[in-house]
Amino acid sequence: MNLSSYGNNTSSVQIFIESFSAVVTKCVIVLSLGLIINFINGTLVHTFRKHEVFYLEPRYILFIHLVVNDIIQLTATIHLFVFAYIFNKVNAAFCCFIITIAILATANTPLNLAVMSLERYIAICLPLRHADLCTIKRTYIVIGWIWTTTSLLALPDLFITVETQPPEFFYSAIVCQRDFLFRHPVILQKRDVSYIIYLVGIWMTLFYTYLKVFFAAKTAGADAKKARNTIILHSIQLLLCMLTYIYPFLTKAQLFSIPLSDFVQLHFAAYIIIQILPRLISPILYGLRDRTFRQYLKQYLQCTLRRNETFCETFKKMGRDWTLSLELYEGLQEFTCKLYSSKSRITNISEMRYALFCAKKGIESWQLPPCSDSLRKHCLRANYQSAIWRRCLENNPEVPSPVEHGWSRAGQEGDLHLSVDWISVPTGPQAVLEFLSCPCRRDCVTQSCQCVANNLACTDLCHARQRKNQKDDIADEDQSYSSDDDDDDDEEFD
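Residues numbered from 1 in each chain as written. Predicted model: local features only at pLDDT ≥ 70, side-chain atom pairs only at ≥ 80, totals over all residues. Heavy atoms only, no water.

**Section: the overall build of the protein chain**
Each helix and strand counted, the protein chain has 17 helices and 6 strands in total. If you take every contact in the protein chain between residues at least 6 apart in sequence, the share linking residues at least 24 apart comes to 65%. A total accessible area of about 29,200 Å² is found for the protein chain, and carbon and sulfur atoms account for 60% of it. (Helix = DSSP H or I, 4+ residues; strand = E, 2+ residues; numbered from the N terminus. Contact = heavy atoms within 4.5 Å. Areas by Shrake-Rupley, 256 points an atom, 1.4 Å probe, with all protein chains shown as cover.)

Put into structure tokens, the structure is as follows:
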């Protein structure tokens with residue numbers, strides 16, 4: 001490798017040539033770490049994309065944006081590293097493109113971490129306003145604001161270089177480093193000032209959120225303490241990322257006080273610590289610590305389902321017949337049980353649903369598997385669609401009506417349409433449903449009412465004055481009771 005270095009005097013250039021074995025060793029180390037980290041991050045992105053539950057949480061959206069940004073940043077910096085070791089000099093225009101992407105992605109990471117810490121602060125310290133402040137739409141707006149802010153930091157360097165350098169410069173070959181490409185004095189001054197403002201603003205945000213969550217964790221439960229630990233890990237990751245902006249100042253201060261050979265080794269170690277290790281913290285922070293993400297991530301890291309030939313044969317039977325056989329349904333039911341617990345021997349979906357409900361750690365209701373009736377409806381729809389695909393090359397195939405295959409007719413006469421038939425049994429035992437209630441104080445007619453939103457009838461325990469959502473037989477009983485009471489009052493009056 002030809003390592004060119006310079007201080008304030010750019011005409012002072014020193015060349016240090018490394019051995020071939022050292023160059024190969026360093027390239028193998030960097031490429032191996034990059035491929036491993038990008039594979040893990042790619043698995044996280046695939047897990048996020050396959051499960052809609054993550055689309056409803058702002059913190060998961062911010063996290064996956066951080067992961068994608070890390071993939072872009074790591075890919076760009078590894079390209080720069082390999083180009084510096086193998087080619088030494090590359091085309092200036094191509095170098096300008098790669099460095100601009102690396103600068104944008106590197107600057108995005110601290111801002112993303114600060115926003116994620118702020119979101120945790122709102123969730124712990126302002127829980128009643130979290131749903132109003134941290135919406136999905138605002139989350140995407142914040143992501144756009146992050147890219148806009150970093151573009152305002154990076155793009156002026158590009159515009160100044162295009163304006164001050166002759167056209168021949170972009171056709172020449174240069175050492176692909178930022179200081180060799182953006183070397184105008186105005187760019188260097190702007191960079192120092194913007195770095196200081198950037199660092200101060202992000203650290204003030206991080207300290208403020210940490211202190212607020214820290215004091216809240218003393219009087220709150222495990223969620224606040226977990227959020228506090230998350231912000232601490234954010235701080236460690238942010239500290240490593242901030243070394244990207246501090247290291248150039250340290251390099252200029254210590255460049256001529258140590259031998260050049262030692263500086264080369266120090267520069268490589270700093271590259272591993274500053275550019276690569278922070279990208280490894282994100283998978284550990286959410287992929288392993290977060291219970292929800294860990295649950296879905298196990299499905300892609302374990303190969304037990306892929307090696308099971310029984311499941312492969314089960315899916316081969318899909319669509320052979322228009323009716324869903326009992327054997328096929330039992331196979332699909334067993335496969336669904338394995339999705340929720342790969343080590344469990346339970347093959348009945350109802351038993352699996354009950355076992356997860358009684359788990360010691362406990363899970364949310366939306367994390368439970370479907371009931372047997374709902375799963376059967378879904379299998380009917382999947383088998384019906386598979387049967388259509390199997391006959392896609394047949395001329396005029398005889399396709400039965402989708403009704404009774406997981407769909408039903410809905411609407412009135414003249415406006416009939418197909419509707420998904422989710423379930424045909426009661427959502428719960430009638431004795432349990434009678435004890436449900438909603439906190440409505442007025443009429444139970446809007447979707448804000450929990451009974452209306454869940455397609456349930458109001459009960460006597462509901463607080464509404466007029467329960468218009470009540471069943472007819474219950475309403476008639478209430479009316480008869482009230483009329484009997486009126487008659488009794490009239491008799492007493494007489």
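Once the structure has been displayed, the description carries forward.
**So, the pattern of salt bridges**
What the rule picks out here adds up to 7 salt bridges. The salt bridge involving D157 is made with K190; its shortest N-O contact spans 3.1 Å. In this pair, D157 sits in helix α5 (residues 136-164) while K190 sits in helix α7 (residues 185-219), placing the two residues 33 residues apart along the sequence. D157 sits in the buried class, given a relative accessible area of 0%. Given the relative accessible area of 25%, K190 is considered partly exposed. Residue K316 is joined to E313 by a salt bridge in which the shortest nitrogen-to-oxygen separation is 3.5 Å. Taken together, the residues span about one helical turn, with K316 and E313 both in helix α11 (residues 309-316) at a distance of 3 residues. Given a relative accessible area of 39%, E313 falls into the partly exposed group. (Salt bridge = Lys/Arg side-chain N within 4 Å of Asp/Glu carboxyl O. Buried < 20%, exposed > 50% of the residue type's maximum accessible area, 1.4 Å probe, protein only.)

**Quick word on the state of the cysteines**
The final tally for this structure, using the stated rule, is 1 disulfide. Disulfide pairing is shown between C95 and C176; the S-S distance is 2.3 Å. When the S-S torsion is 105°, as for the bridge of C95 with C176, the disulfide is right-handed. Of the two residues, C95 sits in helix α3 (residues 92-125) while C176 sits in the loop between β4 (173-175) and α6 (178-181), which places them 81 residues apart along the sequence. In this structure C176 comes out as buried when scored by relative accessible area, which is 8%. Among the cysteines around C96, which has no disulfide bond, C95 carries the closest sulfur, lying 7.3 Å off. When its relative accessible area of 7% is taken as the criterion, C96 is described as buried. (Disulfide = S-S within 2.5 Å.)

**Things to note about the confidence of the model for the protein chain**
In this model, the protein chain carries an average pLDDT of 77, and 74% of its residues clear a pLDDT of 70 or more. The lowest-confidence element of the protein chain is strand β1 (residues 2-5), averaging 40 in pLDDT; the highest-confidence one is helix α14 (residues 372-390), averaging 92. Overall, residues 488-494 carries pLDDT values under 50, and its contacts beyond four positions in sequence, including any with other chains, amount to 0 contacts. (pLDDT = per-residue confidence, 0-100.)

**With respect to the side chain of N69**
Relative to the helices and strands, N69 is located in helix α2 (residues 58-86). Only 2.8 Å separates the side chain of N69 from the backbone oxygen of A105, close enough to count as a polar contact. Those residues in contact with N69 that sit more than four places away from it in its chain are A105, N108, T109 and W147. (Polar contact = N/O pair within 3.5 Å; in protein donor to acceptor, adjacent residues only side chain to side chain.)

**Quick notes on the packing of helix α1 (residues 20-50) against α2**
For any two helices packed against each other, the geometry comes down to the angle between their axes and how far apart the axes lie. Two elements in contact, α1 and α2, have axes whose closest approach is 10 Å; the angle formed by their N-to-C orientations is 160°. By the criterion of interaxial angle, the relationship of α1 to α2 is roughly antiparallel. Where α1 crosses over α2, the two elements pack in a sense that is left-handed. Residue composition of the contact of α1 with α2, grouped by class: 20 nonpolar, 5 polar and 2 charged. (Axes fitted to C-alpha atoms, helices over the stretch in contact; angles between N-to-C directions. Parallel < 35°, antiparallel > 145°, perpendicular 65-115°, else oblique. Left-handed = near helix turned anticlockwise from the far one by under 90°. Nonpolar A, V, L, I, M, F, W, Y, C, P; charged D, E, K, R; others polar.)

**Remarks on a nonpolar patch on the surface**
The grouping of I273, L277, L280 and I284 at the surface amounts to a nonpolar patch, some 290 Å² of accessible area in total. With respect to the secondary-structure elements, L280 resides in helix α9 (residues 260-288). (Patch = residues over 30% accessible without salt bridge, like charges linked within 9 Å, V, L, I, M, F, W, Y side chains within 5 Å.)

**Regarding α3**
The periodicity of an α-helix, 3.6 residues per turn, causes residues three or four positions apart to be oriented the same way. If you check α3, its first and last C-alpha atoms are 50 Å apart, about what 34 residues at 1.5 Å a residue would give, namely 50 Å. Most of α3 is tucked away, with 28 of its 34 residues classed as buried. Its side-chain oxygen placed 3.0 Å from the backbone nitrogen of A93, N91 serves as the N-cap of α3. (Expected span 1.5 Å × (residues − 1).)

**A word on the environment of F48**
With respect to the helices and strands, the residue F48 is situated in helix α1. Residue classification places F48 among the buried positions, given a relative accessible area of 9%. When the C-alpha positions of F48 and L297 are compared, they lie 9.0 Å apart, and in sequence the two are 249 residues distant. Dropping the residues within four chain positions of it, F48 is found in contact with F54, Y55, Y60, I61, I64 and F293.

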